[in-house]
Amino acid sequence: QRHLTIPCEMCIRDRYIMNNITKLAFTLAEVLITLSIIAIIAAMTIPALIKRVDEQQYNIAVKKAFSDLSQAIFMIKANNGGVVNVGMGDSNTFRSDFCNVMTCTKQDIATNIFGPTSDYLYYKGGASGWPAINANDPSAILNDGEYIKFLSYANCSGGGKNACGAIALDINGAKGPNMRGEDLFNFWVVLNNGVYSVIPAGTPGDTWASTCVAGSTSQGTSNGCTYVRLSDPDHMP
């Protein structure tokens, strides 16, 4: 009798183990439902995360661009005895000044640097047609891949801020989205009290008056995005 009870004890133990394994296992339907939920959550969150990363990259890049342009003005003044060749209607000399202190790997007109005008957009809006209105402006490609365009005015009374000229900068060159306020930014070169400096388009009191509108259909509601991106990037519309 003692030997006969051993198999029974083993049977009871095996049945107990199998029952618990069955309870712990997932059915195919449960696995599929779980995977579907994960896929839905990923589809909802990943695009937002990517967008957030892109926005942070734009914020960092435009701050660097602003710093680089400001430093270039300082170096140009040092080379030219305190003078920047801007506000004289000579955009080619304006570009030369910059390319003497920044590494320009290519120099050409705007359309040959920036490409088809249909590639550029207003801020979160439609095609801007840029740089068609200034297709022949002297432009360049910098050694870090940025595209830059120069415009020298006839005097230093532009933009409502004593602007002598303007600079447009595509911070990532050939890469998209090619949009004002995202990777395309505008700056003034101004002269106040004998001192040249760079300020972002949209600076309070200038032509663009800090205006930045999502779904923009004009320069007037796009160019001011440069200032907003620099001053309050967490509240870009």
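Our subject is the structure listed above.
Basis of the calculations
Residues numbered from 1 in each chain as written. Predicted model: local features only at pLDDT ≥ 70, side-chain atom pairs only at ≥ 80, totals over all residues. Heavy atoms only, no water. Buried < 20%, exposed > 50% of the residue type's maximum accessible area, 1.4 Å probe, protein only. Helix = DSSP H or I, 4+ residues; strand = E, 2+ residues; numbered from the N terminus. Pairing = 2+ DSSP bridges. Phe/Tyr/Trp six-rings, centres within 6.5 Å; stacked < 30°, edge-to-face > 60°. Patch = residues over 30% accessible without salt bridge, like charges linked within 9 Å, V, L, I, M, F, W, Y side chains within 5 Å. Areas by Shrake-Rupley, 256 points an atom, 1.4 Å probe, with all protein chains shown as cover. Salt bridge = Lys/Arg side-chain N within 4 Å of Asp/Glu carboxyl O.

1. Things to note about the pairing of strand S3 (residues 147-152)
No. 1: Burial of S3 is extensive: 5 of the 6 residues sit out of reach of the surface.
No. 2: Examined bridge by bridge, strand S2 (residues 138-142) and S3 share 3 bridges and lie antiparallel to one another. In the sheet register, Ala140 faces S3, and the bridge partner there is Ile148.
No. 3: What sits between the antiparallel neighbours S2 and S3 is a turn of 4 residues, in which Gly145 has the positive phi angle 95°.

2. Quick notes on the packing of aromatic side chains
No. 1: Evaluated as defined, the whole model comprises 6 aromatic pairs.
No. 2: Seen from their ring centres, Phe94 and Phe98 are 5.5 Å apart, and the 75° between their planes marks the pair as edge-to-face. Placement of both Phe94 and Phe98 in helix H3 (residues 91-101) is noted, with a separation of 4 residues, approximately one turn of the helix.
No. 3: The class of Phe94 is buried, set by a relative accessible area of 0%.
No. 4: Owing to a relative accessible area of 0%, Phe98 belongs among the buried residues under this scheme.
No. 5: A centroid spacing of 5.6 Å and a plane angle of 80° characterise the contact between Phe114 and Tyr147, whose relative ring orientation is edge-to-face. Highlighted residues: Phe114 in helix H4 (residues 110-114) and Tyr147 in strand S3, separated in sequence by 33 residues. Both residues of the pair, Phe114 and Tyr147, belong to the buried class.

3. Some points on a nonpolar patch on the surface
No. 1: On the surface, a cluster of nonpolar side chains totalling about 290 Å² of accessible area is made up of Leu32, Leu35 and Ile38.
No. 2: Looking at the element boundaries, Leu35 is found in helix H2 (residues 28-79).

Without other data, these values stay purely geometric and don't point to any function.
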